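# Chain and residue survey
These are the residues of each chain, in order.
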Amino acid sequence: MIRVVVQEAPIDLAVELAAVEAADAGAVATFTGLVRGDDGVTELALEHYPGATERALEALCEQALARWALARATIVHRVGPMVPGDRVVFVAATARHRAAALEACAFLIDRLKTGAPFWKRERRGSDARWVEARESDDLAAARWG
Amino acid sequence: MIRVVVQEAPIDLAVELAAVEAADAGAVATFTGLVRGDDGVTELALEHYPGATERALEALCEQALARWALARATIVHRVGPMVPGDRVVFVAATARHRAAALEACAFLIDRLKTGAPFWKRERRGSDARWVEARESDDLAAARWG
Amino acid sequence: MTVELLYFAWVRERVGMAGERVDPPAEVVTVADLVDWLAGQGDGHATAFADRQRLRAAVDQAFVPLNTPIAGAREIALFPPVTGG
Amino acid sequence: MTVELLYFAWVRERVGMAGERVDPPAEVVTVADLVDWLAGQGDGHATAFADRQRLRAAVDQAFVPLNTPIAGAREIALFPPVTGG
């Protein structure tokens, strides 16, 4: 089962986890990405491509379900302006066996970094700039072949 | 930073996640193990070796901190009688970078299966039996060298 | 051929709009041709489309390489490499 | 030498107690020797300690192989392979 949400509202982990655990699968692996404030960032704004984003994330979930014996794959992504500590993305994979859940969770977040149309703009005080793509993200996604 | 708890009380994910996210690290990987009821199990009871259990789990967290650049490693393990759907174990690793968080989380749950003194007894109606150790768990733990 | 263009991130900012409807000439066959043609449509466009190495594209919401033909496309999006997640 | 023994899971159930204080003879040098000696201490003990392949041990809360010497140990735990997590 696939759940993909792109939203401007904050991500409520209690709600997302409850939805994920409702599946009758013993292994629940999650990844949550938070806005980091340790390098002076005061605001992170995320732009996306409505429609194409949801398609890309659903395609990622389908790939995960085809590759591992999962009960459920979930991606919840926030867009718009955020501040340090806010949750940007929540990914979850549930399965009967922990290896499938853990691997699928890592796959989803690695692929999401390079395969979905999101763009980050960081603000430090009055200075705002678009984040450059990182080669390390391409490498992490490539490892899944 | 290490947090290890062995408790008879239910695991409260909201509390545990809040504690984990308080660390100023952008990547949060978690694994939650639930009691499965799909093969007729009506109750799972977990016995442990008080004192030695906490030491073993703390040692696992220390190994993870030595091996990956983590902000925080957390293991919360429930003991005593549980029913299907209950959370047995919650593992979390936080880091600046997602690869470290994801790998450390997988390491902690793999090692925990073979390296900590817990014993499971399953009840199906009136029949109760101790769960046999599985070779696949030894193999999963061995892959971390 | 009339096609709907969408711009994101700094492409949008440099062009100065989120999208436009265009009718490129017949010699515009691929996305790369479209980028070259757009670069001549004004100062903002020139800045946005100067460096192809830093541009990515989607045709009808599917990510494609820049040498992809655009015949029959309804919606083409142009944007920098993604930095999501 | 007096030592505190702890039993867990089906070892505890078969012996019929969670632990006991024992004073094994001098020829009991290793954990394996202790297991053999305990097997002769009664019917429950005999059932619990019949199959060494299925027994694991900790000396003073450190997991050890069964050929580990027990000299100086204060607490020895005997139990089945763990099935945790």
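Residues numbered from 1 in each chain as written. Chains lettered and ligands numbered in written order. Predicted model: local features only at pLDDT ≥ 70, side-chain atom pairs only at ≥ 80, totals over all residues. Heavy atoms only, no water.

Our next topic: the relation of the copies chain B and chain A. After a rotation of 180° and a shift along the axis of 0.0 Å, chain B superposes on chain A with an RMSD of 0.0 Å. Put plainly, the chains are arranged around a two-fold axis. Rotation axis and chain B: the residue whose C-alpha lies nearest the axis is Thr30(B), separated from it by 2.5 Å. Interface residue correspondence from chain B to chain A reaches 100%, placing this contact among same-surface, isologous pairings. (Least-squares fit on C-alpha atoms with pLDDT ≥ 70 in both. Contact = heavy atoms within 4.5 Å.)

According to the stated counting rule, one finds 26 salt bridges over all chains in the structure shown. Here Glu21(B) ties to Arg87(A) by a salt bridge, and the two come within 2.9 Å at their closest N and O atoms. With Glu21(B) in helix H1 (residues 13–21) and Arg87(A) in strand E6 (residues 87–95), this pair bridges two chains. Residue Glu21(B) is classed as buried on the basis of its relative accessible area of 15%. A single salt-bridge network, built from bridges that share partners, covers Asp39(A), Glu122(A), Arg124(A) and Arg129(A). (Salt bridge = Lys/Arg side-chain N within 4 Å of Asp/Glu carboxyl O. Helix = DSSP H or I, 4+ residues; strand = E, 2+ residues; numbered from the N terminus. Buried < 20%, exposed > 50% of the residue type's maximum accessible area, 1.4 Å probe, protein only.)

All right, on to the interface of chain B and chain A then. If you look at the interface, chain B gives 30 residues, while chain A gives 30 residues. Surface buried jointly by chain B and chain A totals about 2,600 Å² across both partners, of which 48% is contributed by carbon and sulfur atoms. Of all residues in chain B, the largest losses of buried area upon contact with chain A belong to Glu21(B), Arg36(B) and Arg98(B), amounting jointly to 26% of the total for that side. Put simply, chain B and chain A have 4 salt bridges between them. When the shortest N-O distance is used, the salt bridge between Asp110(A) and Arg98(B) registers 2.9 Å. At the junction of chain B and chain A, the tally comes to 11 residue pairs in polar contact (both at pLDDT 80 or more). Among the elements that take part in the side of chain B that touches chain A, strand E2 (residues 27–34) of chain B stands out by supplying 8 residues, more than any other. Inspection of the sheet shows strand E2 (residues 27–34) of chain A paired to E2(B) by 7 bridges, in the antiparallel sense. The residue bridging Phe31(A) from the neighbouring strand is Ala29(B), located in E2(B). (Buried area = accessible area lost by both parts, 1.4 Å probe. Polar contact = N/O pair within 3.5 Å; in protein donor to acceptor, adjacent residues only side chain to side chain. Pairing = 2+ DSSP bridges.)

So, on to the confidence of the model for chain A. Taken over all residues, the pLDDT of chain A has a mean of 90, while the share at 70 or more is 91%. The element-level mean pLDDT for chain A is lowest in helix H4 (residues 135–142) of chain A, coming to 62, with strand E5 (residues 80–82) of chain A highest at 97. (pLDDT = per-residue confidence, 0-100.)

Low pLDDT marks stretches whose predicted atomic positions should not be read closely. Residues of chain C with pLDDT of at least 70 account for 99%, and the chain-wide mean is 94. The complex model carries a pTM of 0.88, and its ipTM stands at 0.85.

Another aspect to go through is H1(B). All names here are of chain B. Three or more residues of H1 are buried, namely Leu13, Glu16, Leu17, Val20 and Glu21. Taken around the axis of H1, the buried residues stretch over an arc of 125°, which confines them to a single face. N-cap assignment for H1: the residue whose side-chain oxygen lies 3.0 Å from the backbone N of Ala14 is Asp12. (Arc of directions from axis to C-beta.)

With that settled, consider the interface of chain C and chain A. Chain C puts 21 residues into the contact, and the matching count from chain A is 24 residues. Interface area for chain C against chain A, summed over the two sides, is near 1,800 Å², with a carbon-plus-sulfur share of 56%. For Glu47(A), the salt bridge identified is with Arg12(C), shortest N-O distance 2.4 Å. Taken together, chain C and chain A are joined by 11 residue pairs in polar contact (both at pLDDT 80 or more). Within the residue set of the side of chain C that touches chain A, elements represented by two or more residues are strand E1 (3–7), helix H1 (9–15) and strand E5 (75–79) of chain C. Top element by residues in the side of chain C that touches chain A is H1(C). It accounts for 4 residues. Per-class residue counts for the side of chain C that touches chain A are 12 nonpolar, 4 polar and 5 charged. (Nonpolar A, V, L, I, M, F, W, Y, C, P; charged D, E, K, R; others polar.)

Throughout the structure, instances matching the rule amount to 0 disulfides over all chains. Distance from the sulfur of Cys61(A), which forms no disulfide, to the nearest cysteine sulfur (Cys105(A)) is 11 Å. (Disulfide = S-S within 2.5 Å.)

Residue and element names in this part refer to chain A. Taking 1.5 Å of rise per residue, the 16 residues of helix H2 (residues 52–67) would be expected to cover 22 Å, and the 23 Å separating its terminal C-alpha atoms lies within 8% of that figure. Within H2, burial applies to Ala52, Thr53, Ala56, Leu57, Leu60, Cys61 and Ala64. Buried residues belonging to H2 abut strand E1 (2–7), strand E3 (43–48), strand E4 (70–78), helix H3 (98–115) and strand E7 (118–124). (Expected span 1.5 Å × (residues − 1).)

All names here are of chain B. Direction vectors running N to C along helix H2 (residues 52–67) and helix H3 (residues 98–115) enclose 145°, while the axes themselves pass 10 Å from each other. Every pair of crossing elements has a handedness; the one defined by H2 and H3 is right-handed. Side by side, H2 and H3 meet where Ala56, Leu57, Leu60, Cys61, Gln63, Ala64 and Arg67 of the first sit next to Phe107, Leu108, Arg111, Leu112 and Gly115 of the second. Grouping the amino acids of the contact of H2 with H3 by side-chain chemistry returns 8 nonpolar, 2 polar and 2 charged. (Axes fitted to C-alpha atoms, helices over the stretch in contact; angles between N-to-C directions. Left-handed = near helix turned anticlockwise from the far one by under 90°.)

As a further point, take the pairing of E1(C). Residues and elements named next belong to chain C. Of the two faces of E1, the one lined by Val3, Leu5 and Tyr7 is fully buried and the one lined by Glu4 and Leu6 carries no buried residue. In this structure, E1 lies alongside strand E2 (residues 19–22), joined through 4 bridges in antiparallel fashion. Opposite Val3, over in E2, you have Val22 as the bridge partner. Pairing between E1 and E5: 4 bridges, direction parallel. Bridge assignment links Leu5 to a residue of E5, and that residue is Ile76.

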